[in-house]
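Survey of secondary and tertiary structure
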Amino acid sequence: MVLACLAATIVFSLASPWFLTIENLTTVARASVELLIVSLGMTIVLAVGGIDLTVGVTMAIASFFVGRALMIAVPAPLAALLGPLVGIFLGAVTAGVIVLGSVPPIVATLGLYGVFRATIYALLGGEWLSGLPDVLAPLVRPTILGIPSVAFELAALYVLAWGVFRWTPLGVWWLAIGGADAASQLAGVPVRRAKTAAYLASGLLAGIAGAFYVAQYRNVEMTTGSTIALDAIVASVLGGASVTGGRVSVLGTALGVILFRILQNGFVLIGVPSLWEQVVAGLLLLAVLATENAAKLRALVMAR
Amino acid sequence: MFRGKLLAYAAAALVLSTSAWAQGKPKVAFIPQLIGIPYFNAMEAGGKKAAQAFGVDFIYQGPVDTNPVDQLQILNNLVDQGVQAIAISVLDASSLEPVIASAKKKGVIIFTSDSDAPKSGRAVYVAQARDDQLGFTIIDELVKRVGDDAKIGIVSGEATATNLNTWIKYMQQRVKEKYPKIKLLEPKYAGGTAQRAAQLATELMTANPDLKGIIAVASTTCPGVAQAIETAGKINKVIVTGYCSPNTARAYLKSGAMGFTVLWDPAELGYLTVWAGKQLIDKKPFAAENNVPGIDHPISYDSATGVLLLGPPAVFTAENVDKFNF
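Predicted, not measured: the structure shown is a model, and the values here were computed from it. (Residues numbered from 1 in each chain as written. Chains lettered and ligands numbered in written order. Predicted model: local features only at pLDDT ≥ 70, side-chain atom pairs only at ≥ 80, totals over all residues.)

Details of the overall build of chain A
If you tally the helices and strands in chain A, you get 13 helices and two strands. Taken against the 2.2 N^0.38 rule, which gives 19 Å for 304 residues, the C-alpha radius of gyration of chain A at 20 Å falls within 12% of a compact globule. Principal-axis analysis of the C-alpha atoms gives chain A an extent of 65 × 55 × 35 Å. Among the 304 residues that make up chain A, the fraction classed as buried is 51%. In chain A, the share of contacts with a sequence separation of at least 24, taken over all contacts with a separation of at least 6, comes to 78%. (Helix = DSSP H or I, 4+ residues; strand = E, 2+ residues; numbered from the N terminus. Rg over C-alpha atoms; globule rule 2.2 N^0.38 Å. Buried ≥ 20, exposed ≤ 12 C-beta atoms within 10 Å, placed from the backbone. Contact = placed C-beta atoms within 7 Å.)

Some words on the domain arrangement of chain B
Residue and element names in this part refer to chain B. Partitioning chain B into structural domains gives domain 1 (2-128 + 265-311) and domain 2 (131-263). If you look at the interface, domain 1 gives 15 residues, while domain 2 gives 11 residues. Tallied by class, the residues present in the side of domain 1 that touches domain 2 amount to eight nonpolar, three polar and four charged. (Domains from an automatic or database assignment. Nonpolar A, V, L, I, M, F, W, Y, C, P; charged D, E, K, R; others polar.)

Details of the pairing of strand β6 (residues 151-156) of chain B
Residue and element names in this part refer to chain B. Across the six residues of β6, five count as buried, placing the element largely inside the fold. Looking at chain direction, β6 and strand β9 (residues 211-216) are connected through five bridges and run parallel. In the strand pairing of β9, lysine 151 is matched with leucine 211. Pairing between β6 and strand β8 (residues 188-189): two bridges, direction parallel. Residue pairing across strands places valine 155 opposite lysine 188, the latter belonging to β8. (Pairing = 2+ DSSP bridges.)

Let's talk about the environment of A:Ala176
Residues and elements named next belong to chain A. Position of alanine 176 among the secondary structure elements: in helix α8 (residues 169-179). Of the residues examined, alanine 176 has 22 C-beta atoms within 10 Å and is grouped as buried. For the pair formed by alanine 176 and threonine 54, sequence separation is 122 residues and the distance between their alpha carbons is 24 Å. For alanine 176, the residues in contact, after removing those within four places along its chain, are Ser184 and Val189.

Section: the interface of chain B and chain A
Every contact between the two is made by 31 residues of chain B and, on the other side, 30 residues of chain A. Broken down by secondary-structure element, the contributors of at least two residues to the side of chain B that touches chain A are α2 (38-54), β8, α7 (194-207), α8 (222-231) and α9 (246-255) of chain B. Among the elements that take part in the side of chain B that touches chain A, α7(B) stands out by supplying 10 residues, more than any other. Within the side of chain B that touches chain A, the residues separate by chemical class into 13 nonpolar, 13 polar and five charged.

What about the environment of A:Val45?
Along the chain, A:Val45 falls in helix α2 (residues 22-47). Taking the C-alpha atoms as reference points, A:Val45 and A:Leu200, 155 residues apart in sequence, are found 9.6 Å from one another.

In structure tokens form, the structure reads like this:
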């Protein structure tokens, strides 16, 4: 994964003089903020062998509440806090349906996606929130030594998640459940509580992403977040998460997001027609996964 | 026993008579490209007003994302329901022809509004402003502000939307004919999200440091592109314009990120659409100049192309934007 990122960086910086500039790298970083946050939540959910398709609309609903709060002059810190609060609430709904209702995650989150999307339509009532007050700028604008402070905040978040997976019982439980649900239950792992925690985390992170979205884009449309769930799954899987659960790589997810955005950015810089971007991105995704699988296969063969 | 039967017959008669009465009111439907956005909401409001004025039942249904397949499904549903006149803002012109043909057999009239499918056999196209005038006006106004040898970028929405592509085509034509020194870049497609539009706009500015203007073609791309200018700190260095509603553009017109926007009144367009539907149901032909009750200027009709035209495009700037609310 690291190699893929390096390779892409080298290719694009040779192909375009503007790629490796501070300005452009900042653009890539800014575009990655919400995706990095949401992908972390998706990684956690994938770890327990689940999936959460609602993260995009959860982010949108959270953004809506943050935006509305700004419009009625709620102080910026309180308004920003609304994002994660709404996110946890919606994450609890998701957790409830999946854990209490015993509905398979893909079915549950697909259904909830529809419900939440109807909610955002109803909340917006056809009126986009546009040109929101710029008061959340301190979340995203400040830079330390030329690097946006957001980068440090997100790095801290990822280190925290990595720590949870590595050193806390919760992290161990998550991976155990993802690897073998029934066996973990028999081994005494509090499966229901751990799964609930996973979906709560996913919702919380989507809510945080919502606050950052409003800070960066100052608008909320019903299409807000509509592509982010699938992008997050792609990034997590690219990074090494197993779709069936039990194995994730937090660092891999971060690199997956960055590679994704580097590809999008590089294509525009070198002038690839917009429509080809998705074709090339899809092919590259397959190529990266194929080479990683080939390496694993070779290691397996060598071990014999 | 006798009373029971009497009641049953009375109830049946009541139901039949109300349904017959309900069938008496002609039904006109409008299918937008996407529901829940201010632009089409305004069209819906105009359509409802016309429905009341002209005594029709107005049905408004659309897809929840700019997906042509979903839109066609809704169209087929309405045709099966026996709605007499259905207007559609076309997402994919190529797939409309067979639907119109089979609808004609069922006595359903299909016409287009806001976005056309010219060769599909539709009864009429209710146009907001002439497509060529829309393309030309936006280029003319932008050149006034950036000079006639500048580089201009285009951020569009869906790659298949007929109306967006037609306007881009006329922009390119205008540049070729009147402003040969202008460099108009190939359009980039953002899909429906403001985030992608902002990202594309920023990347266009990075790849072209001498970029002077960006045109946001789809209304969903407007806030994203304008915000990208503000975030990059390029107000007054890069001028954004687009087919954006005054409400969406207001903050950016006032901050200077957007120089102006070009549009028309979608509520009037929705109103005209329902009127046209009623005319089609009543089999009244369109005259070259039509007086539509409720619209303050005559509406012209071109029988060669089958286009019913609302009027010339309007230009919104920081000075006049507060007079409008849509």
